[in-house]
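Close look at the chain arrangement
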Amino acid sequence: MAGIFKAYDIRGIVGKELTTTRAYWIGRALAAEVFECKGPIVVTRDMRTHSPEISNALIRGLSEGGCDVIDVGLAATPMNYWANNFYEAQGSVTVTASHNGPEYNGFKVSGPQATPRDFITGLDKVEAFVLEAESGHDEIAADEPGAISQTEGALEQYLDFMAQFVAPGNQKVKIAIDAANGMAGSFLPEFVKRFDWLETVPLYWDLDGTFPNHEADPLKAENLHDVQAKTRETGCDFGVAYDGDADRCMFVDEKGEAVSSDLITALIAASVLEKHPGGAILFDLRSSQIVPEWIEKHGGKPVRGRVGHSFMKRLLKEKNAPFGGELSGHYYFADCFNTDSGLMAMIQMLNLWRAAQEIEPTPLSQLVAPLRRYSATGEINYRVDDVKRVLEKIEDHYKAQGAWLDHLDGLTVKMSDWWFNLRSSNTEPLLRLNLEARNSVARDAHLQEVQAFIGGEPAKGH
């Protein structure tokens, strides 16, 4: 199946790797191997041109596998998680390929209460089921096909739920929001008009699965150019850019300068800890050292986590943490059922920015300034012939230097005043490096040092 079953979801090129027939069998497999069909399964879809037919095939498979299905229709991925809980579902599936190009589609799968289902918690069995079905094995349909129902008013109910987290007050704010023609455009118009103090400068709010303006991946610097320019041109207080299914977002300050997501995690953490004093706050291990320092400074307990939404969601629940963030722009909230939400991240940024203005007018760049204490490389990918050998060589060298080492996710090496993490790709012979030092001169020197051990030049196109 050309590797459409990924670590966290199912994703492939429509018409080649993912067909309506395969979507049907995936529905049948989910019904048989993941969902017990003791309660309804919620299905939502994004705005891609092929999402309706892929969704319909999936729903038919789920129904013929014996599951009742609640077809919510168009919805951002965080709304899928809300619907999973709102309708007390046995599980949910959202038809989306997130930030991938228009030729892709796929499925994100959750169990009860929006708990993640990934390759080690069920999708491996789904893959095996589909392989067997496509090899000619004739599966018998369920004795009683499940019922299929549609909902009305789900978006309004979802926005009612989200609006309760907006802090009261009349402090005005103006922000530019780039929806990238993705699913943020499905809720933004109705959401922002609820607040007369909120002025927005919209970019690409029209739903368009061909992504005519730019990729729906705000983690890539080039996809932030439009919101950066619009924020500066129109005098916005800050800007927001969403990904395709709106579970991620990135922020830029009033100057149009990108604010990395680990620094946003630290900002939001300080605000969250005012309501949850002493609480655990999650951050992924690629994050700046300022993040745990800032969490501790504000009375919280920093908890380092593995990269990946499935790991972060489980850890959030395990630690009873109110909030966590990843460098990729995923922000996780206990208030959102321990899941990630771009809208909730935007709400939190609005809340904390407006609260700061009540004390003293302060632009976002100044709020972030104390967090820019260290110099980081960002994630750099290297193509290597033997990932294991390179990692062993690097570990042996720095162990001899007296470094602190751990293997929570790849190899993390901490020296007295700098650190780095190297993780291997799940699908390619790549090493992903994140390195941070006290200043840019030290950062660049240590980067050259580590690169010499890795060998080769940074990979392009990743």
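Overview of the structure. (Residues numbered from 1 in each chain as written. Predicted model: local features only at pLDDT ≥ 70, side-chain atom pairs only at ≥ 80, totals over all residues. Heavy atoms only, no water.)

1. Brief notes about the overall build of the chain
Scanning the chain for helices and strands turns up 14 helices and 23 strands. The C-alpha radius of gyration of the chain comes to 22 Å, within 12% of the 23 Å expected for a compact globule of 462 residues. Overall, the chain is about 65 × 60 × 40 Å in size when its C-alpha atoms are taken along their principal axes. Considering the chain as a whole, with its 462 residues, one finds that 57% of them fall into the buried category. Counting contacts in the chain only where the partners sit at least 6 residues apart, residues at least 24 apart contribute 70% of the total. Looking at the chain as shown, the accessible area adds up to about 19100 Å², and 47% of this sits on carbon and sulfur atoms. Taken together, the 45 basic and 66 acidic charged side chains of the chain have centroids lying 4 Å from each other. (Helix = DSSP H or I, 4+ residues; strand = E, 2+ residues; numbered from the N terminus. Rg over C-alpha atoms; globule rule 2.2 N^0.38 Å. Buried < 20%, exposed > 50% of the residue type's maximum accessible area, 1.4 Å probe, protein only. Contact = heavy atoms within 4.5 Å. Areas by Shrake-Rupley, 256 points an atom, 1.4 Å probe, with all protein chains shown as cover. Lys, Arg positive; Asp, Glu negative; His and termini not counted. Charge placed at Lys NZ, Arg CZ, Asp CG, Glu CD.)

2. Focus on the nonpolar core
Formed by 77 residues in total, the largest nonpolar core has its most connected members in Leu-188, Phe-238, Tyr-242, Leu-343 and Met-346. If you tally residues by element for this core, the top one is helix 11 (residues 342-359), at 10 residues. Those residues in contact with Leu-343 that sit more than four places away from it in its chain are Tyr-158, Leu-159, Met-162, Phe-187, Phe-191, Tyr-242 and Ala-246. (Core = buried A, V, L, I, M, F, W, Y, C linked by side-chain atoms within 4.5 Å.)

3. A few points about helix 7 (residues 225-233)
When we look at burial in helix 7, the residues that qualify are Val-227, Gln-228 and Thr-231. When helix 7 is viewed along its axis, its buried side chains cluster within an angular range of 105 degrees and face the same direction. As for helix 7, its buried residues are in contact with strand 8 (173-178), strand 9 (198-203), strand 10 (238-242), strand 11 (249-252) and strand 12 (258-259). Just beyond helix 7, the residue with positive phi is Gly-235, at close to 65 degrees. (Arc of directions from axis to C-beta.)

4. Details of a negative patch on the surface
A cluster of acidic side chains, namely Asp-385, Asp-386, Glu-392 and Asp-396, defines a negative patch on the protein surface. By secondary structure assignment, the location of Asp-386 is in the loop between strand 19 (380-383) and helix 13 (387-400). (Patch = residues over 30% accessible without salt bridge, like charges linked within 9 Å, V, L, I, M, F, W, Y side chains within 5 Å. Salt bridge = Lys/Arg side-chain N within 4 Å of Asp/Glu carboxyl O.)

5. Points about the side chain of Thr-412
Checked against the element boundaries, Thr-412 lands in strand 21 (residues 411-414). At a separation of 3.2 Å, a polar atom in the side chain of Thr-412 contacts the side chain of Arg-304. At a separation of 2.8 Å, a polar atom in the side chain of Thr-412 contacts the side chain of Asn-421. Apart from residues lying up to four places away in sequence, Thr-412 is in contact with Leu-285, Arg-304, Trp-404, Leu-405, Asp-406, Phe-420 and Asn-421. (Polar contact = N/O pair within 3.5 Å; in protein donor to acceptor, adjacent residues only side chain to side chain.)

6. Overview of helix 5 (residues 154-163)
By the burial criterion, the buried members of helix 5 are Ala-154, Tyr-158, Leu-159, Phe-161, Met-162 and Ala-163. Packing partners of the buried residues in helix 5 comprise strand 3 (69-74), helix 3 (77-86), helix 6 (188-192) and helix 11.

7. Examining unusual backbone geometry
With a phi angle near 60 degrees, Gln-113 is a residue other than glycine that sits in the positive phi range. You can see Gln-113 is positioned in the loop between strand 5 (104-110) and strand 6 (116-117). Not every positive phi belongs to a glycine, and Asn-320 is a case in point at roughly 55 degrees. Position of Asn-320 relative to the elements: it lies in the loop between helix 10 (309-318) and strand 15 (323-325).

8. What about the sheet that holds strand 13 (residues 280-284)?
The strand order 14-13-15-16-17 describes an open sheet built from 5 strands, whose pairing is mixed. Only two strands of the sheet have a single partner each, and these edge strands are strand 14 (301-305) and strand 17 (339-340). The sheet contact formed by strand 13 and strand 15 spans 3 bridges and is parallel. Paired with Phe-283 across the strands is Gly-325, a residue of strand 15. This element, helix 8 (residues 261-275), spans strand 13, strand 15 and strand 16 (331-333) of the sheet and lies at about 170 degrees to strand 15. (Pairing = 2+ DSSP bridges. Axes fitted to C-alpha atoms, helices over the stretch in contact; angles between N-to-C directions.)

9. Digging into the pattern of salt bridges
Overall, the coordinates contain 23 salt bridges when judged by the stated rule. For Glu-257, the salt bridge is made with Arg-372, and the minimal N-O distance between the two is 3.9 Å. Of this pair, Glu-257 sits in the loop between strand 11 and strand 12 while Arg-372 sits in the loop between helix 12 (364-368) and strand 18 (375-376), and the two are 115 residues apart along the sequence. Glu-257 sits in the partly exposed class, given a relative accessible area of 41%. In this structure, Arg-423 engages Glu-379 in a salt bridge whose closest nitrogen and oxygen atoms are separated by 3.2 Å. In this pair, Arg-423 sits in strand 22 (residues 418-424) while Glu-379 sits in the loop between strand 18 and strand 19, placing the two residues 44 residues apart along the sequence. With a relative accessible area of 34%, Glu-379 lands in the partly exposed category. Connected via shared salt-bridge partners are Asp-284, Arg-286, Glu-326, Glu-379 and Arg-423.

10. Some thoughts on the state of the cysteines
Note: disulfide means a covalent bond formed between the sulfur atoms of two cysteine side chains. A full pass over the atoms with the stated rule returns 1 disulfide. Cys-236 takes part in no disulfide bond, and the closest cysteine sulfur to it belongs to Cys-249, at a distance of 15 Å. With no disulfide of its own, Cys-249 lies 12 Å from the sulfur of Cys-336, the closest cysteine sulfur. Taking relative accessible area as the criterion, Cys-249 reaches 0% and is therefore assigned buried. (Disulfide = S-S within 2.5 Å.)

11. Topic: the sheet that holds strand 8
Spatial ordering of the open sheet is given by 9-8-10-11-12, a layout of 5 strands whose pairing is mixed. In the strand order of this sheet, the two ends are held by strand 9 and strand 12, each with one partner. The sheet contact formed by strand 10 and strand 11 spans 4 bridges and is antiparallel. Looking at the pairing, Tyr-242 lines up with Cys-249 of strand 11. Of the strands in this sheet, strand 8, strand 9, strand 10 and strand 11 are in contact with helix 11, which crosses strand 10 at around 170 degrees.

12. Considerations on the packing of helix 3 against helix 5
Running from N to C, helix 3 and helix 5 point in directions that differ by 95 degrees, and their axes come no closer than 11 Å. Relative to helix 5, helix 3 is oriented roughly perpendicular. Along its contact with helix 3, which presents Pro-78, Met-79, Trp-82 and Phe-86, the element helix 5 presents Ala-154, Leu-155, Gln-157, Tyr-158 and Phe-161. Its residues placed into classes, the contact of helix 3 with helix 5 shows 8 nonpolar, 1 polar and no charged. (Parallel < 35°, antiparallel > 145°, perpendicular 65-115°, else oblique. Nonpolar A, V, L, I, M, F, W, Y, C, P; charged D, E, K, R; others polar.)

Bear in mind that shape data such as this cannot, by itself, settle questions of function.
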